[in-house]
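# Residue-level structure breakdown
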Amino acid sequence: MHLRNPHNLLGAVAVLAGIAAADDGKFSTTPTVTATACVATSTSGAFYDLRLDTAVAPAEGEKPARGVKTEDYLARGYDYGYNFTLNICGAVVKGVEDVVGVDKSDWKNISAYYEQNGKVYSLGQQSGILTPRGRKLVLQYSNGSPCGKDKEKDKKKRDILGSVHDGAENKYHDFSDEDDDYMAYKDDDEDEDDRKKKEDKKKGEGRRKSATISFLCDHDPEISTTASFVSADPDECAYFFEVRSQHACATAEPHKPGSVGPGTVFAIILVIAVLVYIVGGIFYQRTVAHARGWRQLPNYSLWAGIWTFISDIFIILTSSCSRFVPSRRGYRSLQISPNGRGRNRDDENRLIDQLDEEWDD
């Protein structure tokens, strides 16, 4: 067999290699970007960091650092008859056990719960995904205990309502052979109601409790972070809370390691400007002014006079400071006369008088 076109063979080999690389997708070279828990940045550039609001259990034998919260948040339920315990972006510090409808392996990841009639109900598993929505920040916990009201109470209500409707129908209808069509229609309605109840029951069994926390900015640094219960849906499946914190206020995003900061950007611009000044000046002085040597530098006379200027300033400063230096003992400075001599007139007169006395002797 002869190969008429070797390029076709190379192309086929390349295609097969590409298919093999695509099948082996678990060795992807695409970098994975991981977001920091309890940190978010909005589309407008606002930065939020709630990590300081997360309650952390202190280590045994160690004193917790100042400003670190070590206890869970308590939200009063008021008319609900029970209170809520929750943490922000972390599991509750106080461990819980025997949680309704939650596997034992997930008890340590519960971030919100409440107790009712001696039972513990979870409101969701731990999550650190913050979602900025306008000026507010939202955190959601999901996959809690199965939701729904007390089924026995609902059953009693349905039985009472059903008996009332049946009595009303028996009162206003005389069932006879002529009412067979009506009874058949009623049986169909009951079958449809039972089917709907079964569907609702299945949906209710698949739904689980969740908690949605809305954060509000509080600029007062003296007030600690507080959590409050807002409401819950009629099925007691979705619970809503509100947290006020100074860390929920939008700030500027801090400098990240490895990224270019404002100081670095300014330094780069300054270096580029200096290089343009030097290279452009040398090119002009060499081509237009036909300068050679050091005179090719831009503004050579200015830079050459800087050293003289600095030396003059140094001499002035040292000479003005020399008078504050104490003089050596045994010497004194002579006053200089107006005519420039080293002695004044009194010394000259005293010397003349002394000479006259010697001549008289």
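Analysis parameters
- Residues numbered from 1 in each chain as written.
- Predicted model: local features only at pLDDT ≥ 70, side-chain atom pairs only at ≥ 80, totals over all residues.
- Heavy atoms only, no water.
- Core = buried A, V, L, I, M, F, W, Y, C linked by side-chain atoms within 4.5 Å.
- Buried < 20%, exposed > 50% of the residue type's maximum accessible area, 1.4 Å probe, protein only.
- Helix = DSSP H or I, 4+ residues; strand = E, 2+ residues; numbered from the N terminus.
- Contact = heavy atoms within 4.5 Å.
- Disulfide = S-S within 2.5 Å.
- Pairing = 2+ DSSP bridges.
- Axes fitted to C-alpha atoms, helices over the stretch in contact; angles between N-to-C directions.
- Salt bridge = Lys/Arg side-chain N within 4 Å of Asp/Glu carboxyl O.

## Let's talk about the nonpolar core
Counting residues in each nonpolar core, the largest one holds 30 residues, and the members touching the most others are Phe84, Leu130, Phe215, Tyr239 and Phe241. Contributing elements (two or more residues each) for this core: strand S3 (73–75), strand S4 (84–86), strand S5 (110–116), strand S6 (119–125), strand S8 (136–141), strand S9 (210–217), strand S10 (226–232) and strand S11 (238–245). Setting aside chain neighbours within four positions, we find Phe241 in contact with Ala75, Phe84, Leu123, Ala211, Thr212, Ile213, Ser214, Ser228, Phe229 and Val230. Membership of the second largest hydrophobic core comes to 8 residues, among which are Val92, Val96, Trp107 and Tyr113.

## Quick word on the state of the cysteines
Under the counting rule described, the total for this entry stands at 3 disulfides. Two residues share a disulfide in this structure: Cys147 and Cys237, whose sulfurs sit 2.3 Å from each other. What sets the handedness of the Cys147 and Cys237 disulfide is the S-S torsion sign, and at about -55° it is left-handed. A residue pair is termed long-range when its members are at least 10 positions apart, and Cys147 in the loop between S8 and helix H2 (151–172) and Cys237 in the loop between S10 and S11 qualify at 90 residues. You can call Cys147 buried: its relative accessible area is 10%. On the basis of relative accessibility, which here comes to 5%, the residue Cys237 falls in the buried class.

## Notes on the sheet that holds S11
Read across the open sheet, the 5 strands follow the order S7-S8-S9-S11-S10; overall the sheet is mixed. Among the strands making up the open sheet, the edge pair consists of strand S7 (130–133) and S10. Strand-to-strand twist in this sheet, taken as the mean axis angle between neighbours without regard to direction, amounts to 25°. In this sheet, S9 lies alongside S8 in antiparallel orientation, the contact comprising 5 bridges. Bridging across to S9, Leu139 finds its partner in Ile213.

## Here's the deal with the pairing of S5
Counting buried residues in S5 gives 5 out of 7 residues, a clear majority hidden from the surface. With 3 bridges joining them, S4 and S5 adopt antiparallel strand pairing. Paired with Phe84 across the two strands is Tyr114, which belongs to S5. Across 6 bridges, the pairing between S5 and S6 is antiparallel. Looking at S6, one finds that Ala112 is bridged to Gly124. Counted between consecutive antiparallel strands, the loop separating S5 from S6 contains 2 residues, among which Asn117 sits at a positive phi close to 55°.

## Some points on the pattern of salt bridges
Enumeration according to the criterion identifies 3 salt bridges in this entry. Where Arg207 meets Asp233, a salt bridge forms, and the shortest distance between an N and an O atom there is 3.9 Å. Of the two residues, Arg207 is situated in the loop between helix H3 (180–206) and S9 and Asp233 in the loop between S10 and S11; the sequence distance between them amounts to 26 residues. Of the residues examined, Asp233 reaches a relative accessible area of 18% and is grouped as buried. Given a relative accessible area of 37%, Arg207 falls into the partly exposed group. Salt bridges sharing common partners tie together Arg207, Asp233 and Asp235.

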